[in-house]
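# Descriptive structure summary
Take a look at the letters that make up each chain.
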Amino acid sequence: MPMPRSTGWLIVIVFGGVALGGLGLPAWMISVGLSAMSQGIVVLGLVVLMRAGLISFGQGLYFGLGGYAVGVLSLEFGITDAFLRVIAAALAAAAVGLLLGCLLRRYRGIFFAMLSLAFSMIFYGLLVKNQNLGSTDGFRVLASTFAGRPPTGGANQLWLFLFACLLSAVCALAVHRYFRSTLGWLATAIRDNETRVEYLGCSVNAAVHLKLVLCSALAGIGGALSAMTVGHIDPAITYWTTSGELVFVAILGGAGSVFAPFLGALVFQVVHTLALAMLPHAWHVILGGVLLASILFMPDGLWSAIARRRERSHG
Amino acid sequence: MLKLKKDVVVLALAMGCAAAPLSDAWAAEKLKFAFLAALTGPQSGIVGQPGVNAAQMIIEAIDQGTLPAPYAGKKGFGSQEAELMPVDEALPPAQVATEVRDTIERNHVDAIVGSMNSGTCLAFLPVVEELKTLTVLSTCGTPRVFEEGNMQYVFRTSSNATADGITAARYLTRRMPDLKSFGGLNPNYAFGQDSWRDFSLAMKAFRPDLQPTTNYTPNYQSFQYSAEISSMLTEKPQAAFSSFFATEIEAFVAQMAPRKLNESTKLIFSTGETIMYKMGERLPDGVIIGARGPYGVFARPTALGKWFKDNYVARFKSQPVYTAYHAAQAILALKIAYDKAAAAAPGQAPNTDAVITAMKGIEYEAFGTTVRLSRSGGHQAANEGAMGVYKFDKATGMPTVTDVEYYAADCINPPDGTKAVDWLTAGLPGAKCN
Amino acid sequence: MAISLTILMDGLIYAAWLFVVALGMTLIFGVMRILNVAHGSFYAFGAYTMATLLNLITGAGLPFAYGFLAIPLAALAVGGGLGTMMETGVLRWLHGRDEVAAALATFALFLILEDMVPLIWGLDAIPTYQIYGVLGTTDIGGMIFNNYELSFILLAIVVGAITWWGLRHTRQGKIVLAVIHDPEAAQAFGINVRRVFPTVFAIGGVLGALAGAYSAPMITVYPGIGVEAVILAFAVVVIGGLGSVPGAMIGALAVGLARAVAVHLLPQVELFVIYSVMTLVLLFRPSGLFAKPVARRI
C-alpha cells in the first residue's frame, strides 16, 4: 500500500477515533487530552523547523500571540466564536512571523534560537508592562461559542475536545501535505547543505521564511486552543521556560511523523500531571528524570520506537 | 496498516495503564480540602510552607475538637473530619488553572483553600466556577477577584490588597505630617504595579500637594538592587513605599543597610512582617512594616490568637507569619459554614450549596482579628488593617513592632459594590475611621 | 558629573557579576559545544555549599574574615564534584549528538538539581550575611558603596586574568584553545579531545559555583536562585559570541552599563535592557561580537 495516501487517512482515523473516545472518557482525561492537543499543534510547527535543522527557543512568542489574540477579541469586541478565534489567532501569529521572519531567516543554529528567544522576551516585557491587560496576572477569556451557540450543561470541555480533535487533524493533514511538497522535501536538504540547495536554484532564505510563517501560525492556533481551554491568559505563556518546554516536547516526540508531536505532548502532559500529584514538593525531579531518560535512551524520540516496528512490519 | 492500528491501540492501552492508579476512588468519609501554596521555589519556605503548616494544624485541631473557645468542644466540620492535600502553586498561572482542574476532576476534593500568589487565583477562578467547587481564598489579594464577575463559589477571608496601600498611606501621612517627598520601589509584576497604584492614589487623596518622585521597578526577583539603591541615595525621597515580597526584601535590605539608605529615606515594606523573624537584627530599626492585616506580630491579643501562636511555635519551631494566619482563618471559615449548614439540616452531610449559603456574610473571631465577610454579597472579607515600626529588642533577642496603629475595616476597604480604583480616585468617600 | 560616576560604578559592579556568572558557561560552550543550562545549578549549589561552610566556620567561633575561605572551598568542591559527576554520568554519553540534545540534557539536570536543593538544605533561606559587611564601605564621588560589591570588580579582573593567562600560557590552556578553535584540526594534531572535556566541564563548574558562592552574602540563599542567573548568563554569552572569553567581558560590560543607565535615568525600561542589547548586537553581528568566521560547506 503506498504510504502517502494511507498516512493522510490515518490522521483522519486517529483523530476521529480520539474524538469518539472522548465521549466516554472521564473529565480529567479530557482535560489532559485538551492540553496535549493544544501543545501538540505548537510542537507540530517546531517539527517543521526542526526538519530544516532549526530550533526556536522563542516559540512562546507566537503561542502567546495566539492566546492574547483570543483574549483581546473577547475583551474588546466580545467575539467568542471558536472558529473566528482560531482564525484570528493564526492570522495574528502568522503576520508577526512574516514580519520577524525578514530578520530571522538569515540566522541559523544557536543564533536563530537566541534571537527568537530575545524577541519572545521583549514581547513578554511588553505584556508585563501592560496593566490594561492585567500585567503578570493576565485576564479571563470568556467561554467559547460554536456557531453562535454556547455549549449547554457544563459540556464546554467536551465541545472544546471535539473541536481540538478537528483542529489537530486539519493541522496534521496540512503539515503532512506540506512535508510531501517540493518545499517540504527541501527541508532535509537545507539542514544538510544550504549551498547545494542554492545551486539547485532554490532560495534557502525564502524556504526558511515560509517555514517560519507556517510554524508561527500553528503556534498561534495552539495558543488559541490553550487560552480557550484554560479560560485565562497571562504572560508566562511567552516566557522562555514555556518555549524551552515546547522544544523539550518536540525532542521527546521526535520529528519522524506528524503524529510524533501529539504523542510527545500527551506523554509530557501525563508525566507533568502525575509528577505534580505524586511529589508536590519535588515534582521537577520526576519531570527532569523523564526528560533525561528520553534523551539518553530514545535519541530519535518516542515515535522512533513505533517507526522501527512499522519498518519491520513492512520490510 | 492493520499493524499500525494495533500499535495505536497498544499505545492507548499503555497510556491507560499508566494512568489507572490516578483514578483512585475516594472513600467519601473524610472531607478533602486541596490547599494551594508555593511548595517549590523562592516563596516556598517563607510564605508557602507556613500556610500549609497552619492549615494542617487547624484541621487537626478541628478534627480532634481541641480548638479553644469560642470553638471549644465542637468536633469536626459539621460532623465530618477533613484532610489536607497540599498543591503546588509555584507554576505559571495558566498551569495552576490546569492543575486545579485536575485536582477537582480526579481527586474530587470538597473545597479548594489557600492561594497566596497575587494573581494565580484569577487564573483558576473560572475553573472552580465551572466545576461548581467551593473555594476559600486565604490570601491572593488582587481586588479583581470580585470586581470582574459574579462569583458563586468563591470566598476570600482576607481583605484585598488595596487595603494595604491605603493603610500604608494613612500610617505614613499620620506619622510624618510634614512629609515633603515620597517615592517607590515596586517589582515589575502585577502585585508590584497594583500596590504602587493603590498607594500613590491614596497618597494623592491625603496629600494632593505632593507629587511622587521615581517609582523604581526592578525585575521580579532580580536580587541585584545596587543601582536602584544608588539612584535612591541620589534622589533622597523622604519616604519610599515598597511591595517587595519575602526573599526580595531580604536581599534588598542586605544590600541597602551598609549604604545607609534607611537614614535618608523612611522605608515602608507592606509585607515586611514575612521576613522580620528571619532577619532579626539585620532589619534596621525604624523601618515601617505591615502584615496584610492584623496578623503575626500585629495580631490582636486574644486567647484564641495566643493558642494559635503558642501551638504553632511549639510544633514548627518558628513564628507564624501572616500567610499562616490567613490560612488558619480560611480553614476556620469552612468549619463555621459546615457547622452552620449541618445544624440547619440535621442528619445529613451538607452539600456545597448548603455550605455556600451558610458561609455568606459570616462574621467570626479568628486568630488575628475578627473576620467579616461583608463585601461582594457576603463573599469577600473586609477586615481591619495594622501597621507599625520595626524594632529589634536586644534584651530578649526578639523582633518587635512599636507605634502600632489599627485601622477599622471601613476606613481602608472600599464600600460594598465600589471598585477599589474608583474609590481611590474619588478620594475615598464615605471612609469610616475611628 | 557625580551621577555619571555613580552610573559607571553601578554598571561596573553589575557587569563584573555578570562576567563571573557567564565565564564558565562560555568556556564550556567553546570547548564542548554544550549550552549548559545546569550552570544555574552550579551557581545554586555553590551558594548553598558556601552558606553551609560559612555557618560552620562562624559557628566554630572563628572571626568572620575566615568566612571568606568558604568561597573558594565551596567553588572547588561543587565544581569538581558535581561537575565531574555530570560529565561522567550523563554528558559523556551524549558525545556526537546534536547541540540541542545536549542542551536539553543539561536542562533536565537543572530541573532535577533544582528540587534536590530543598531536599538537602530545606526550604528556608540560609543566612550568609556575616561577611557581607566586614569589608566596610567606600565613598566614591559622594556616594557610599559597599566594598563587598566593589570587590566583584576585583574578582572579575582576577578570574578573567587567570583564565586568560591559563589559556595562553599553559600547555593545557593551549590545548583547550586549539580545541575551541577547531576540534577536528586539534584531533588531527594528536590531541585527545575527549580527555579535555571533563577538565573543562569541571573548571566551568568551579567558575559557576564561584559566582554563586561569592553572590551568596549579597542575596542570601533560598530555593530557585539559579533560574535568573542562567538566563542572564545565556544572554551575555550570546552577545559576546559563544565560546569567547573577551566576548563575555564585553557582553557583560554592555549589559551592565546599559542597565545602570536605565535604572538611573529611565527605570521603566529596565525589563527590556538585556534583550534589547542582545537583539541589537545580533542584528548587526549575527554571531555575537567576538565570533570567529565559519567556513561555508560546499
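Thresholds applied
- Residues numbered from 1 in each chain as written.
- Chains lettered and ligands numbered in written order.
- Predicted model: local features only at pLDDT ≥ 70, side-chain atom pairs only at ≥ 80, totals over all residues.
- Heavy atoms only, no water.
- Contact = heavy atoms within 4.5 Å.
- Salt bridge = Lys/Arg side-chain N within 4 Å of Asp/Glu carboxyl O.
- Helix = DSSP H or I, 4+ residues; strand = E, 2+ residues; numbered from the N terminus.
- Nonpolar A, V, L, I, M, F, W, Y, C, P; charged D, E, K, R; others polar.
- Disulfide = S-S within 2.5 Å.
- Buried < 20%, exposed > 50% of the residue type's maximum accessible area, 1.4 Å probe, protein only.
- Core = buried A, V, L, I, M, F, W, Y, C linked by side-chain atoms within 4.5 Å.
- Domains from an automatic or database assignment.
- Pairing = 2+ DSSP bridges.
- Axes fitted to C-alpha atoms, helices over the stretch in contact; angles between N-to-C directions.
- Right-handed = clockwise from strand over helix to strand, strands pointing away.
- Buried area = accessible area lost by both parts, 1.4 Å probe.

Let's shift gears to the interface of chain C and chain B. It is common to give the size of an interface as the accessible area lost on bringing the parts into contact. On the side of chain B, 33 residues touch chain C, which itself brings 31 residues to the contact. In this assembly, chain C and chain B are joined by 2 salt bridges. Across the pair Arg259 of chain C and Glu228 of chain B runs a salt bridge, and its minimum N-O distance is 3.7 Å. Among the elements that take part in the side of chain C that touches chain B, helix 1 (residues 2-32) of chain C stands out by supplying 6 residues, more than any other. The residue makeup of the side of chain C that touches chain B, split by class, is 18 nonpolar, 6 polar and 7 charged.

What follows concerns the state of the cysteines. Within the structure shown, the criterion is met by 2 disulfides over all chains. Between Cys121 of chain B and Cys140 of chain B runs a disulfide, and the two sulfur atoms are separated by 2.0 Å. Measuring handedness by torsion sign, the sulfur bridge of Cys121 of chain B and Cys140 of chain B sits at about -70 degrees and is left-handed. Of this pair, Cys121 of chain B sits in helix 4 (residues 120-130) while Cys140 of chain B sits in the loop between strand 4 (134-137) and helix 5 (144-147); the two residues are 19 residues apart in sequence, bridging distant segments of the chain. The connectivity of the disulfide-linked cysteines in chain B, indexed sequentially, is 1-2, 3-4. With no disulfide partner, Cys102 of chain A has as its closest neighbouring cysteine sulfur the one in Cys215 of chain A, 14 Å distant. Left without a disulfide partner, Cys202 of chain A is nearest to the cysteine sulfur of Cys102 of chain A, which lies 20 Å away.

Let us now look at the pattern of salt bridges. Residues and elements named next belong to chain B. With the rule as written, the count across this model stands at 23 salt bridges over all chains. Residue Arg197 is joined to Asp198 by a salt bridge in which the shortest nitrogen-to-oxygen separation is 3.1 Å. Classification of Arg197 by relative accessible area gives partly exposed; the value is 23%. Judged by relative accessible area, which is 2%, Asp198 ranks as buried. Its salt-bridge partner being Asp209, residue Arg207 comes within 3.0 Å of it at the nearest N-O pair. Given a relative accessible area of 14%, Arg207 falls into the buried group. Among the residues examined, Asp209 registers a relative accessible area of 53% and is labelled exposed. One connected set of salt bridges, linked through shared partners, spans Arg101, Glu105 and Glu130.

Attention shifts here to the nonpolar core. Side chains that are nonpolar tend, in soluble globular proteins, to be buried together. In this structure, Phe33, Phe124, Phe252 and Phe308 of chain B are the most contacted members of the largest nonpolar core, which totals 354 residues. Ranked by residues supplied to this core, first place goes to helix 1 of chain C with 18 residues. Both of domain 1 (29-159 + 300-372) and domain 2 (162-291 + 384-425) of chain B provide at least three residues apiece to this core. Among the nonpolar cores identified, the runner-up in size contains 27 residues, and Tyr171, Ala202, Leu210 and Ala239 of chain B belong to it.

Residue and element names in this part refer to chain B. Judged by how many residues are buried, helix 8 (residues 226-235) sits mostly within the fold: 8 of 10 residues are covered. All buried positions along helix 8 are accounted for by Ser226, Ala227, Glu228, Ile229, Ser230, Ser231, Met232 and Leu233. Positive phi appears at Lys236, one or two residues downstream of helix 8, with a value of about 50 degrees.

What follows deals with the sheet that holds strand 3 (residues 111-114) of chain B. Residue and element names in this part refer to chain B. On the basis of which strands lie adjacent, the open sheet formed by 5 strands has the order 2-1-3-4-5 and parallel pairing. In this open sheet, the two strands that pair with only one neighbour each are strand 2 (82-88) and strand 5 (154-156). When the angles between neighbouring strand axes are averaged without regard to direction, this sheet yields 20 degrees. Sheet analysis places strand 4 next to strand 5, joined by 3 bridges and oriented parallel. Directly across from Thr135, in strand 5, lies its bridge partner Val154. The sheet contacts of helix 2 (residues 43-64) involve strand 1 (31-37) and strand 2, and relative to strand 2 the element is tilted by about 170 degrees.

Right, let's talk about the pairing of strand 3 of chain B for a bit. Residues and elements named next belong to chain B. Of the strand pairs in this sheet, strand 1 and strand 3 are connected by 4 bridges, and their pairing is parallel. Its bridge partner being in strand 3, Leu36 is matched across the sheet by Gly114. Examined bridge by bridge, strand 3 and strand 4 share 4 bridges and lie parallel to one another. Note that in strand 4 the partner of Ala111 across the bridge is Leu134. For the segment spanning strand 3, helix 4 and strand 4, crossover handedness is right-handed.

Now for the domain arrangement of chain B. All names here are of chain B. Domain boundaries assigned for chain B yield domain 1 (29-159 + 300-372) and domain 2 (162-291 + 384-425). Taken together, the 16 residues of domain 1 in the interface contact 24 residues of domain 2. Taking both sides of the interface into account, the surface hidden between domain 1 and domain 2 amounts to around 1,800 Å²; carbon and sulfur atoms contribute 55%. Contact with domain 2 buries area across many residues of domain 1, yet Ile46, Arg300 and Tyr322 alone supply 32% of it, more than any other trio. Scanning the region where domain 1 abuts domain 2 turns up 1 salt bridge. Put simply, Arg300 and Glu384 hold a salt bridge, and the shortest N to O gap is 2.8 Å. With 3 residues, the top contributor of residues to the side of domain 1 that touches domain 2 is helix 2.

So, on to unusual backbone geometry. A cis geometry characterises the amide bond from Ala69 of chain B onward to Pro70 of chain B, with omega recorded as 5 degrees. One can find Pro70 of chain B in the loop between helix 2 and strand 2. Even without a glycine there, the phi angle at Ala147 of chain A is positive, about 50 degrees. Following the sequence through the fold, Ala147 of chain A ends up in the loop between strand 1 (139-140) and helix 6 (156-179). Taking the relative accessible area as the measure of exposure, Ala147 of chain A reaches 60% and is therefore exposed. Located in the positive-phi region is Lys132 of chain B, a residue other than glycine, with phi close to 50 degrees.

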